[in-house]
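# Coordinate analysis (summary)
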Protein chains: 4
Amino acid sequence: MHTVEQMLKTYPKDLGGIDTAKLAATIQSLVECAQACTACADACLSEDNVADLTKCVRSNLDCADACSATANILSRHTGYDANITRTFLQACATACKACGDECSRHADMHEHCRACAEACRSCELACRDLIANLG
Amino acid sequence: MHTVEQMLKTYPKDLGGIDTAKLAATIQSLVECAQACTACADACLSEDNVADLTKCVRSNLDCADACSATANILSRHTGYDANITRTFLQACATACKACGDECSRHADMHEHCRACAEACRSCELACRDLIANLG
Amino acid sequence: MHTVEQMLKTYPKDLGGIDTAKLAATIQSLVECAQACTACADACLSEDNVADLTKCVRSNLDCADACSATANILSRHTGYDANITRTFLQACATACKACGDECSRHADMHEHCRACAEACRSCELACRDLIANLG
Amino acid sequence: MHTVEQMLKTYPKDLGGIDTAKLAATIQSLVECAQACTACADACLSEDNVADLTKCVRSNLDCADACSATANILSRHTGYDANITRTFLQACATACKACGDECSRHADMHEHCRACAEACRSCELACRDLIANLG
């Protein structure tokens, strides 16, 4: 998603001291993870053993909401507020960890859970890495 | 919004020890605040002094995203995870406080900022009250 | 949700010829329906016969997305574009009808589906009524 | 965003006759466009001539909501309803066209509007192409 970087590069004012490569990577991870979680929730609904996957669907839906909101917040730079950025990155990392853990439990049986768990892990790491970079 | 309570009452399993009246009130505050912030961002865009309100628009948009995601998370009870609930209530209270503070600065001049600041304050209090109730 | 009306009344510019009472009622129906659908999807996940409710969960999630997007669009008046408003009201009414129909099929067995079907019907009617009012 | 394709390939049931390459490309365009519009709205807020860009911000926000909702709907296949898919693709194409037109007006002056206009055009085309493919 080259577009994320393009939008950062064309922002008209100073982006502060933030590492824009890390910021772009995190936004990209967030939108990928949100989509993967939305798709995984639906794939779980189509499994014959859906009754065993209800907690997974719920984790997916929470994680999708968390990632979408955080991607939006990270895409805004006007009147930047480090508190909001940090608290949402932390909340989002929590949701990604929970969903990654839950999907991992079904990864051997369901390929979509394996793929989604990977997206959640990458996204969790990206969020934690960006938190560290915020100083 | 009587519907919020109805959906809680008709949930088929145990909701745990949570105070359902407080939970309903918080969900209601969150959806009201999300809508107020979306509308306030747009009202700011229509003000002649929009150039003085850009930080307000940004706070409004963040707060709307925060409240929508948190309302969704609080509307789910299957496979409940107290960590996610708590961390999102905290992140959301942070966004509501920031937006309430920013809107308050323009409340004398713009009625929509006054109304939105009130919605943000109520929502921040509801979130903090529910955090305390989570134990 | 008195807040919806307050935000409409405090909008600083002319709202055009639109019936603001109908507009407020529609926005309110949309946010109520979005929340009811989010909650109903989760309640279905907690039912013992969740395997019979997977289409219902999917309809709920689509309808929640449709109503949230449409509520946001209707909450904006700056640079109003009747085409976008009309096309989203129509798409949203389609999603509300589909979800209302699906929830109605389970209304005898599941109270949350009955309550959600009502929210979907009200919202569908509000959307269609507002479309007619747009001229 | 390889993840979109992976989630489609690992969906456990039949996806119907749909062209999955086109579907993946459309979902990818939608999430890219939603993020670009969110970022462009914020970049406009930081421009010195923000007062000339208020309609652009509004179009951006509508288009972001439209694309996010449509990306979610296209990411679900359980209990597929062609009516909802078609009506949302049409509504989304309308929002993308409006936003692409508006951003194009400022493309010479603002690089973020140029980049966002491109994302909107690609997304509009992808939506229309997929509508034609639905039959």
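Analysis parameters
Residues numbered from 1 in each chain as written. Chains lettered and ligands numbered in written order. Predicted model: local features only at pLDDT ≥ 70, side-chain atom pairs only at ≥ 80, totals over all residues. Heavy atoms only, no water. Helix = DSSP H or I, 4+ residues; strand = E, 2+ residues; numbered from the N terminus. Rg over C-alpha atoms; globule rule 2.2 N^0.38 Å. Buried < 20%, exposed > 50% of the residue type's maximum accessible area, 1.4 Å probe, protein only. Areas by Shrake-Rupley, 256 points an atom, 1.4 Å probe, with all protein chains shown as cover. Lys, Arg positive; Asp, Glu negative; His and termini not counted. Charge placed at Lys NZ, Arg CZ, Asp CG, Glu CD. Contact = heavy atoms within 4.5 Å. Buried area = accessible area lost by both parts, 1.4 Å probe. Salt bridge = Lys/Arg side-chain N within 4 Å of Asp/Glu carboxyl O. Least-squares fit on C-alpha atoms with pLDDT ≥ 70 in both. pLDDT = per-residue confidence, 0-100. Core = buried A, V, L, I, M, F, W, Y, C linked by side-chain atoms within 4.5 Å. Phe/Tyr/Trp six-rings, centres within 6.5 Å; stacked < 30°, edge-to-face > 60°. Arc of directions from axis to C-beta. Polar contact = N/O pair within 3.5 Å; in protein donor to acceptor, adjacent residues only side chain to side chain.

Chain A is annotated in an unreviewed UniProt entry as Four-helix bundle copper-binding protein of Nocardioides panzhihuensis.

### Structural notes on the overall build of chain A
In terms of helices and strands, chain A carries 5 helices and 0 strands. Secondary structure elements of chain A occur, N-terminal to C-terminal, as α-α-α-α-α. In summary, chain A has a C-alpha radius of gyration of 16 Å against a globular reference of 14 Å for 135 residues, a match within 12%. Seen through its principal axes, chain A has C-alpha atoms that stretch 50 × 25 × 20 Å. By the burial criterion, 65% of the 135 residues in chain A qualify as buried. About 4600 Å² of surface is accessible on chain A, with carbon and sulfur atoms providing 47% of the total. Charge centroids of chain A, computed over 12 positive and 18 negative side chains, lie 8 Å from each other.

### Remarks on the interface of chain B and chain A
At the junction of the two partners, chain B supplies 26 residues and chain A supplies 26 residues. Summing both partners gives a buried area of about 2200 Å² for chain B against chain A, and 60% of it is carried by carbon and sulfur. Between the two partners, chain B and chain A, sit 4 salt bridges. Ionic pairing is found between R76 of chain A and D62 of chain B, a salt bridge with its closest N-O pair at 2.7 Å.

### Structural notes on the relation of the copies chain A and chain D
Aligned on chain D, chain A shows an RMSD of 0.0 Å; the corresponding rotation is 180 degrees and the shift along the axis is 0.0 Å. Such values leave the two copies arranged in the relation of a two-fold axis. Most of the interface of chain A is mirrored in chain D, where 97% of its interface residues again form contacts.

### Let's talk about the relation of the copies chain B and chain A
A rotation about an axis combined with a shift along that same axis relates the two copies of the chain. Between chain B and chain A, which share one sequence, the superposing operator has a rotation angle of 180 degrees and an axial displacement of 0.0 Å; the RMSD is 0.0 Å. In this assembly, 100% of the residues forming the interface of chain B have copies in chain A that are likewise at the interface, indicating an isologous arrangement.

### Quick look at the confidence of the model for chain A
Of the residues in chain A, 99% reach a pLDDT of 70 or more, and the chain-wide mean stands at 97. This prediction of the complex comes with two scores: 0.98 for pTM and 0.97 for ipTM.

### Brief notes about the nonpolar core
Ranked by internal contacts, the top residues of the largest apolar core, which has 208 residues, are C67 of chain A, C67 of chain B, C67 of chain C together with C67 of chain D. Among the elements that take part in this core, helix α2 (residues 20–45) of chain C stands out by supplying 15 residues, more than any other. Beyond its immediate chain neighbours, meaning those up to four positions away, C67 of chain B contacts L30, C33, A34, C92, C96 and C123 of chain B.

### Some details on the interface of chain A and chain D
Between chain A and chain D, the contact holds 34 residues from the first and 33 residues from the second. Interface of chain A and chain D: buried area, both sides summed, is about 3000 Å²; carbon and sulfur atoms make up 59% of it. In this structure, the connection of chain A to chain D is made through 2 salt bridges. One salt bridge connects D48 of chain A with K13 of chain D, and the closest N-O pair in it is separated by 3.3 Å.

### Some remarks on the packing of aromatic side chains
Per the counting criterion, the structure on display carries 2 aromatic pairs over all chains. Centroid distance F88 of chain A to F88 of chain B: 6.1 Å. Interplanar angle 75 degrees. Geometry classified as edge-to-face. Taken together, the positions of F88 of chain A in helix α4 (residues 82–105) and F88 of chain B in helix α4 (residues 82–105) put the pair across two chains. Residue F88 of chain A is classed as buried on the basis of its relative accessible area of 0%.

### Considering the environment of R128 of chain A
All names here are of chain A. Following the sequence through the fold, R128 ends up in helix α5 (residues 111–134). Sequence separation between R128 and T26 is 102 residues; the distance between their C-alpha atoms is 9.5 Å. Not counting the four nearest positions on each side in its chain, R128 is found in contact with A93 and K97.

### Regarding helix α1 (residues 2–9) of chain C
For α1 of chain C, the set of buried residues is T3, V4, M7 and L8 of chain C. Along the long axis of α1 of chain C, the arc covered by the buried residues comes to 140 degrees, so they all point the same way. Exposed residues on α1 of chain C whose side chains face more than 90 degrees from its buried face are H2 and K9 of chain C. Taken together, the buried residues of α1 of chain C touch α2 (20–45) and α5 (111–134) of chain B together with α2 of chain C.

### Re the side chain of R76 of chain B
In this structure, R76 of chain B sits in the loop between α3 (54–74) and α4. Here D62 of chain A takes part through its side chain, which lies 2.7 Å from a polar atom of the side chain of R76 of chain B. Setting aside anything within four residues of it in sequence, one finds R76 of chain B in contact with R58, L61, D62 and D65 of chain A together with T38 and D42 of chain C.

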